[in-house]
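Descriptive analysis of the structure
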Amino acid sequence: MIVQKLNIKAEEVSLEGIELYTLQDNLKAFTPGATTESLYYTAKLYVDFFIRTGGISAVPNIQKLINPSFFQQLQ
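Notes on the structure in this doc start here. (Residues numbered from 1 in each chain as written. Predicted model: local features only at pLDDT ≥ 70, side-chain atom pairs only at ≥ 80, totals over all residues. Heavy atoms only, no water.)

Here's the deal with the overall build of the protein
Rule in force here: Helix and strand definitions follow DSSP, with helices as H or I runs of at least four residues and strands as E runs of at least two, each counted in order from the N terminus. Here the radius of gyration uses the C-alpha set of atoms, whereas the globule reference equals 2.2 Å times the residue count to the power 0.38. The classification of residues rests on relative accessible area computed with a 1.4 Å probe and restricted to protein chains. Under 20% of the type maximum is buried, over 50% is exposed, and intermediate values are partly exposed. Contacts are assigned to residue pairs with any non-hydrogen atoms lying within 4.5 Å of each other. Using the Shrake-Rupley algorithm and a 1.4 Å probe, accessible areas are obtained, with residue cover drawn only from the displayed protein chains. Charged residues are defined narrowly, with Lys and Arg counted positive, Asp and Glu counted negative, and His plus the chain ends left uncounted. By convention, charge coordinates are those of NZ in Lys, CZ in Arg, CG in Asp, or CD in Glu.
Looking only at helices and strands, the protein features five helices and zero strands. Taking 75 residues into account, the globule formula puts the C-alpha radius of gyration at 11 Å, and the protein, at 17 Å, lies well above it. Across its three principal directions, the C-alpha atoms of the protein cover 45 × 35 × 20 Å. Within the protein, the proportion of its 75 residues that are buried is 16%. Relative to all contacts within the protein whose residues are 6 or more apart in sequence, the contacts with residues 24 or more apart total 29%. Accessible area for the protein stands at about 6,500 Å²; split by element, carbon and sulfur atoms hold 57% of it. Charge centroids of the protein, computed over 6 positive and 7 negative side chains, lie 13 Å from each other.

Encoded structure:
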């Protein structure tokens, strides 16, 4: 339980500001696109940053890193 791991009181835990994605939100996120609504696009932004700053030396295959099949099965 989170309160045990963080060593806090249960009344200190809040879901304020937490937004859970719906199935449709997830399907949209797991679809290639040209905005940050797409995990593919967002991952490319991170890859570009880490290549530019030396955090990684090779570009990973983003298509292989993101697997939308779980959400696609729920349609």
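Some words on the nonpolar core
Heads up, the rule is: Residues enter a nonpolar core if they are buried and are Ala, Val, Leu, Ile, Met, Phe, Trp, Tyr or Cys, with the set joined through side-chain atoms within 4.5 Å.
Membership of the largest hydrophobic core is limited to eight residues, which are L27, A29, F30, Y40, V47, I62, I66 and F71. Breaking this core down by element, the ones donating at least two residues are helix 2 (23-29) and helix 3 (39-53). Every residue in contact with I62, bar those within four places of it in the chain, is listed here: Y40, A43, K44 and V47.

Comments concerning the pattern of salt bridges
As a reminder, the rule being used: For this analysis, a salt bridge means a side-chain nitrogen from Lys or Arg found within 4 Å of a carboxyl oxygen belonging to Asp or Glu.
In the structure shown here, the tally under the stated rule is two salt bridges. For E37, the salt bridge is made with K28, and the minimal N-O distance between the two is 3.3 Å. Assessed through its relative accessible area of 48%, K28 is described here as partly exposed. K44 is paired through a salt bridge with D48; the nearest N and O atoms lie 2.9 Å apart. With a gap of four residues between them, K44 and D48 both fall in helix 3, about one helical turn apart.

With respect to the environment of N7
Locating N7 in the fold gives a position in the loop between helix 1 (2-6) and helix 2. Of the residues examined, N7 reaches a relative accessible area of 70% and is grouped as exposed. Sequence separation of N7 and L39 is 32 residues, and the distance between their C-alpha atoms is 33 Å.

Digging into the packing of aromatic side chains
Rule in force here: Stacked, tilted and edge-to-face are the three classes assigned to paired rings of Phe, Tyr and Trp, where Trp is represented by its six-membered ring and a pair needs centres within 6.5 Å; plane angles under 30 degrees give stacked, over 60 edge-to-face, the rest tilted.
With the rule as written, the count across this model stands at three aromatic pairs. Relative to F50, the ring of F49 has its centre 5.2 Å away and its plane inclined at 70°; by these criteria the two rings are edge-to-face. Exposure remark for F49: the relative accessible area of 38% places this residue in the partly exposed category. A ring pair is formed by F70 and F71, whose centres lie 5.2 Å apart and whose planes are at 80°; its orientation type is edge-to-face. Residue classification places F70 among the exposed positions, given a relative accessible area of 51%. An aromatic cluster of three or more residues is present, and its members are F30, F70 and F71.

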